[in-house]
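One-letter residues, chain by chain:
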There are 2 protein chains.
Amino acid sequence: MKVAIIGYGNIGKAVEQAVLTAPDMVLSDVYHHNDNLSRIKADVAILCVPTREVPEYAQLCINQGLATVDSFDIHTRISGLRQQLMPLDKQNKTVSVIAAGWDPGSDSVVRAMLQAIAPQGITYTNFGPGRSMGHTVAAKAIEGVKDALSMTIPLGTGVHRRMVYVELEDGADLKRVEKLILKDDYFAHDETHVIAVPSVAELNNVAHGVNLTRSGVSGTTHNQRFEFNMAINNPALTGQVMVACARAAVRMKEAGRFGAYTMIELAPVDLLAGDKEANIKALV
Amino acid sequence: MKVAIIGYGNIGKAVEQAVLTAPDMVLSDVYHHNDNLSRIKADVAILCVPTREVPEYAQLCINQGLATVDSFDIHTRISGLRQQLMPLDKQNKTVSVIAAGWDPGSDSVVRAMLQAIAPQGITYTNFGPGRSMGHTVAAKAIEGVKDALSMTIPLGTGVHRRMVYVELEDGADLKRVEKLILKDDYFAHDETHVIAVPSVAELNNVAHGVNLTRSGVSGTTHNQRFEFNMAINNPALTGQVMVACARAAVRMKEAGRFGAYTMIELAPVDLLAGDKEANIKALV
């Protein structure tokens, strides 16, 4: 299958590596943000643009009959995006896989499966340690902050600590910056520590992680315990998930199952390269 | 949906509990092993018979147009069962979900997803601590053994220790029993300890567990680490998985997607009770 990459930041570069190592894919083209996208030659377009631009780029590609994959990550708006793209995909006889990263994405698959096999109970998704993009951007916007990095630290039961490393502008006052950060809506509800450092660039690290737990009930039997952990390179995993979903999108399109899907609506076997029968033999 | 349970041992009873607690299911009937099965009134039959009898009972139900679910667990013969039931399901316009337990089953979903998101690497599935049915049956068949229990102990990297608890017949010699067990093909390849106990019944415990690990490569990035753990009541989990798959079988039948499927061919959302949109909002 021929794959186009739209957007060439961290995620676009990771997707490129995953496409080039996939045995069943050919990279047709990498389109930078401001390229002309009116005639993309590919079976599937992987959208590596900022989340807020996903709807616009998805429509542009779907209208050309391409399958699309994105890693749209605003949890509360995923269902809306799905509803928005669904009729377009059906009209253009194609398939979009949306919210295809690790959370939302592969974590969602784990959450759905654990809810199915222990329907009563509580799932906690604990993120990190790792950089939060949203919180980092919020901290960078504070007056007196030259550069910032907000790390998410898991404290268990879905509670997180924010460690905010700030590089101050000349003459900025740490106490004042700290006060502004602590009252920002991004930080006001969590335990937050603000630490001044000489260079934020020196802390740069794309490591991230998840600890997802569920204690639940199967039938009438309580105390069923489940745990999913990962410690990963964030853009590399996101890129690989998107590439696996690109494969599923093309297969579902070929099967005539047009529409917009989240990862919990895909069969895991469709994410895999190679022969379906062989994968069933090896993995079931 | 109306559910029939075929077979009423440990698993049949666990399935009954899971059906009775499911908000979208009605238990139509429980058929014991020797019941007349010529006119089952249900949408889906959950086959809780011994693994070797699954093909026979599945055919009997499929020929009546019922959807079926089984937890057939001989890994090397799952693909064969799928090939055998596939044309029957298509001919009778119905759906079978096969090998629907926790391994094969929900573990298979985790293995498939981890292979998709880190395609290069090694997955180790470590079982236990918990009772191995196959090894227990093999130990019970040894001359001089009145009752036995073989526990599987995980040593990591897919290597297991066998702890065999034996209740000896009057006058039986432990040394001789131990020798016979150690040379039995079930035990000859693993570290095995044989321990005499006054009562095997007193050790009875249906707890089991899994520690599944993968270290792999996403794109060109090595050292991606994943781990899935569970500590569960074995029949309760198997029963709940089968009930979740019964729901998926009926939904796929309604969608006209006739055939035989393993769990890695199902969309996780189809395993869940309730409204699809609401589940997507809650879990993605």
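Residues numbered from 1 in each chain as written. Chains lettered and ligands numbered in written order. Predicted model: local features only at pLDDT ≥ 70, side-chain atom pairs only at ≥ 80, totals over all residues. Heavy atoms only, no water.

Let us now look at the overall build of chain A. When helices and strands are counted, chain A shows eight helices and 13 strands. Computed over the C-alpha atoms, the radius of gyration of chain A is 21 Å, within 12% of the 19 Å expected from 2.2 N^0.38 for a compact globule of 284 residues. Its C-alpha atoms give chain A principal-axis dimensions of about 60 × 60 × 35 Å. Counting the 284 residues in chain A, one finds 54% classified as buried. The long-range fraction of contacts in chain A, counting pairs at least 24 apart against all pairs at least 6 apart in sequence, stands at 65%. For chain A, the exposed area adds up to about 12,000 Å²; of that, 50% sits on carbon and sulfur atoms. Each charge sign in chain A was given a centre, from 27 positive and 30 negative side chains, and these centres are 5 Å apart. (Helix = DSSP H or I, 4+ residues; strand = E, 2+ residues; numbered from the N terminus. Rg over C-alpha atoms; globule rule 2.2 N^0.38 Å. Buried < 20%, exposed > 50% of the residue type's maximum accessible area, 1.4 Å probe, protein only. Contact = heavy atoms within 4.5 Å. Areas by Shrake-Rupley, 256 points an atom, 1.4 Å probe, with all protein chains shown as cover. Lys, Arg positive; Asp, Glu negative; His and termini not counted. Charge placed at Lys NZ, Arg CZ, Asp CG, Glu CD.)

Before going further, it helps to examine the relation of the copies chain A and chain B. Screw-axis analysis of chain A against chain B gives a translation of 0.0 Å along the axis, an RMSD of 0.1 Å, and a rotation angle of 180°. Between the two chains, the operation in question is that of a two-fold axis. When you check the interface residues of chain A against chain B, 100% turn up at the interface there too, and the contact is symmetric in its surfaces. (Least-squares fit on C-alpha atoms with pLDDT ≥ 70 in both.)

To continue, consider the environment of A:Phe228. Along the polypeptide, A:Phe228 turns up in strand β12 (residues 221-233). In the structure, A:Phe228 is positioned 132 residues away from A:Ser96 in sequence and 27 Å away in space, judged by C-alpha atoms.

Now for the interface of chain A and chain B. Contact with chain A, which involves 60 residues of that partner, is made by 60 residues of chain B. When the two sides are added together, the surface that chain A and chain B hide from each other amounts to roughly 5,200 Å², 65% of it contributed by carbon and sulfur. The interface formed by chain A and chain B includes two salt bridges. The shortest N-O distance in the salt bridge between B:Glu277 and A:Arg82 comes to 2.6 Å. At the boundary of chain A with chain B, the tally comes to 20 residue pairs in polar contact (both at pLDDT 80 or more). When contributions to the side of chain A that touches chain B are tallied by element, the ones reaching two or more residues are α1 (10-21), α3 (78-91), α4 (106-117), β12, α7 (234-254) and α8 (276-283) of chain A. (Buried area = accessible area lost by both parts, 1.4 Å probe. Salt bridge = Lys/Arg side-chain N within 4 Å of Asp/Glu carboxyl O. Polar contact = N/O pair within 3.5 Å; in protein donor to acceptor, adjacent residues only side chain to side chain.)

A few words on the pattern of salt bridges. Tallied over the full model, the rule gives 20 salt bridges over all chains. A:Lys175 is paired through a salt bridge with A:Glu178; the nearest N and O atoms lie 3.6 Å apart. Highlighted residues: A:Lys175 and A:Glu178, both in helix α6 (residues 174-183), separated by three residues, approximately one helical turn. Residue classification places A:Glu178 among the partly exposed residues on the basis of a relative accessible area of 22%. In this structure, B:Arg161 and B:Glu191 form a salt bridge, with 2.6 Å as the shortest nitrogen-oxygen distance. In this pair, B:Arg161 is assigned in strand β9 (residues 160-168) and B:Glu191 in strand β10 (residues 191-196), connecting sequence segments 30 residues apart. By relative accessible area, which is 36% here, B:Glu191 ends up partly exposed.

All names here are of chain B. In space, the six strands of this open sheet follow the order β2-β1-β3-β4-β5-β13, with parallel pairing throughout. Two strands lie at the open edges of the sheet, namely β2 (26-31) and β13 (259-261), each paired on one side alone. On average, each strand axis in the sheet is inclined to that of its neighbour by 20°, with strand direction left out of account. Where strand β4 (residues 67-70) lies against strand β5 (residues 95-97), two bridges are found, and the strand directions are parallel. Across the sheet, Val69 pairs through a bridge with Val97, a residue of β5. Across the sheet, helix α1 (residues 10-21) lies against β1 (2-6), β2 and β3 (44-47), angled at about 165° from β2, the strand it touches most. Together, β3, β4, β5 and β13 form the strand contacts of helix α7 (residues 234-254), whose direction differs from that of β4 by roughly 150°. (Pairing = 2+ DSSP bridges. Axes fitted to C-alpha atoms, helices over the stretch in contact; angles between N-to-C directions.)

The next thing to look at is α8(A). Residue and element names in this part refer to chain A. When we look at burial in α8, the residues that qualify are Asn279, Ile280 and Leu283. Summarising the axial view, the buried residues of α8 lie within an arc of 100°, below the 170-degree limit, and thus occupy one face. Exposed residues on α8 whose side chains face more than 90 degrees from its buried face are Lys281 and Ala282. (Arc of directions from axis to C-beta.)

So, on to the pairing of strand β12 (residues 221-233) of chain B. Bridge count for β12(A) against β12(B) is seven bridges, and the pairing is antiparallel. Across the sheet, residue A:Asn229 finds its bridge partner in β12(B), namely B:Glu227. Both strand β11 (residues 207-218) of chain B and β12(B) contribute to a ladder of eleven bridges, which runs antiparallel. Along β12(B), the bridge assignment pairs B:Leu212 with B:Phe228. Linking β11(B) back to β12(B) in an antiparallel pair, the connection comprises two residues, with B:Gly219 at a positive phi of about 65°.

Right, let's get into the sheet that holds strand β7 (residues 130-131) of chain A. Residue and element names in this part refer to chain A. Here we have four strands laid out as an open sheet, ordered β7-β8-β9-β10, and mixed in their pairing. Looking along the sheet, the strands with just one partner apiece sit at the ends: β7 and β10 (191-196). Relative to β10, strand β9 (residues 160-168) runs parallel, the two sharing six bridges. Pairing of Val166 across the sheet is with Ala196, part of β10.

Right, let's talk about the side chain of A:Ser150 for a bit. Within the secondary structure, A:Ser150 sits in strand β8 (residues 145-154). Excluding residues within four positions of it along the chain, A:Ser150 makes contact with A:Gly130, A:Arg131, A:Ser132, A:His135, A:Thr136, A:Arg162, A:Met163, A:Val164 and A:Phe187.

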